[in-house]
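# Structural description and commentary
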Amino acid sequence: MSDPAVRVDTTSQVPPYEQIRAQLAALIRIGRLAEGERLPTVRQLAADLGLAPGTVARAYRELEAAQLIRTRRGAGTRVAAPPSESHVPDADQLATLVRDFTSAARSLGAGTEDILTAVRDALDPGPASSSAAAESGAGGLKTAEVSAQVTGVRNRLERQAQGRESGTSHQR
């Protein structure tokens, strides 16, 4: 895996295995992880993320069930050939992700406009996103892509809030 970082937010209501699954699925669907590319072993990724190996194993099992990766004894875990059918996002899962993101953003003190701006930025961060969108097809964002973007936006909002807190503590 050529360093597209997977991150887990242990404070999130989204289980760690789902965060891993969603981020890897998004990286595979947008082409950042190419067919045949080898993923870290379960133990290695678990150690890197500070999680139990069973957590990573569950994410890998779900990715394998979705035919995004394949595991072969002696050959390791690799990105599978892209599935021929298009993936339709699960509306309930998408609604859960949106609720999780919105409540996390509000807990940081973000207002509606801040949240909408952050989402717009995540959906269209610049020239790199247009090539990723072209690679993922015309069907719009997939649930896994949205999950990965929500995690990134949440992390960005948390960093902004921490910056505001440290700025106010210096003024006191």
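Everything in this summary refers to the structure shown in the same document. (Residues numbered from 1 in each chain as written. Predicted model: local features only at pLDDT ≥ 70, side-chain atom pairs only at ≥ 80, totals over all residues. Heavy atoms only, no water.)

## Brief notes about the overall build of the protein
We count it as follows: Where helices and strands are cited, they refer to DSSP runs of H or I of at least four residues and of E of at least two residues respectively, numbered from the N terminus. For the exposure calls, accessible area comes from a 1.4 Å probe over protein chains only, and a residue counts as buried if that area is under 20% of its type's maximum, exposed if over 50%, partly exposed in between. Contacts were defined at the residue level, with two residues in contact if any of their heavy atoms lie within 4.5 Å. Residue burial considers only the protein chains on display, and all accessible areas are found by Shrake-Rupley using a 1.4 Å probe.
Within the protein, the secondary structure is distributed over seven helices and two strands. Listing the helices and strands of the protein from first to last along the sequence gives α-α-α-β-β-α-α-α-α. Per-residue burial over the protein gives 35% buried out of 172 residues. In the protein, of all internal contacts separated by at least 6 residues, the share reaching a separation of at least 24 is 64%. Roughly 10,100 Å² of accessible area belongs to the protein as shown, and the carbon and sulfur atoms make up 52% of that amount.

## Some thoughts on the packing of aromatic side chains
This is how the line gets drawn: Classification of ring pairs rests on two measures: the distance between centres of Phe, Tyr or Trp rings, Trp counted by its six-membered ring, which must be within 6.5 Å, and the angle between planes, read as stacked under 30 degrees, edge-to-face over 60 and tilted in between. Look at NZ for Lys and CZ for Arg. If either is within 6 Å of the ring centre and within 35 degrees of the ring normal, a charge sits over the ring.
Inspection of every chain in the model, using the stated rule, returns zero aromatic pairs. One cation-aromatic arrangement involves Arg-58 over Tyr-17; the distance from NZ or CZ to the ring centre is 3.7 Å.

## Focus on the environment of Thr-102
Worth spelling out the cut-off: Polar contacts here mean pairs of N or O atoms no more than 3.5 Å apart (in protein, one a potential hydrogen donor and the other a potential acceptor; neighbouring residues in sequence count only if both atoms are side-chain atoms).
By the element assignment, Thr-102 lies in helix α4 (residues 91-107). Looking at Thr-102, the relative accessible area reads 26%, which means it is partly exposed. When the C-alpha atoms of Thr-102 and Thr-112 are compared, they prove to be 8.9 Å apart, with ten residues separating the residues in sequence. Engagement of the side chain of Thr-102 in a polar contact is seen with the backbone oxygen of Val-98, the distance being 2.8 Å.

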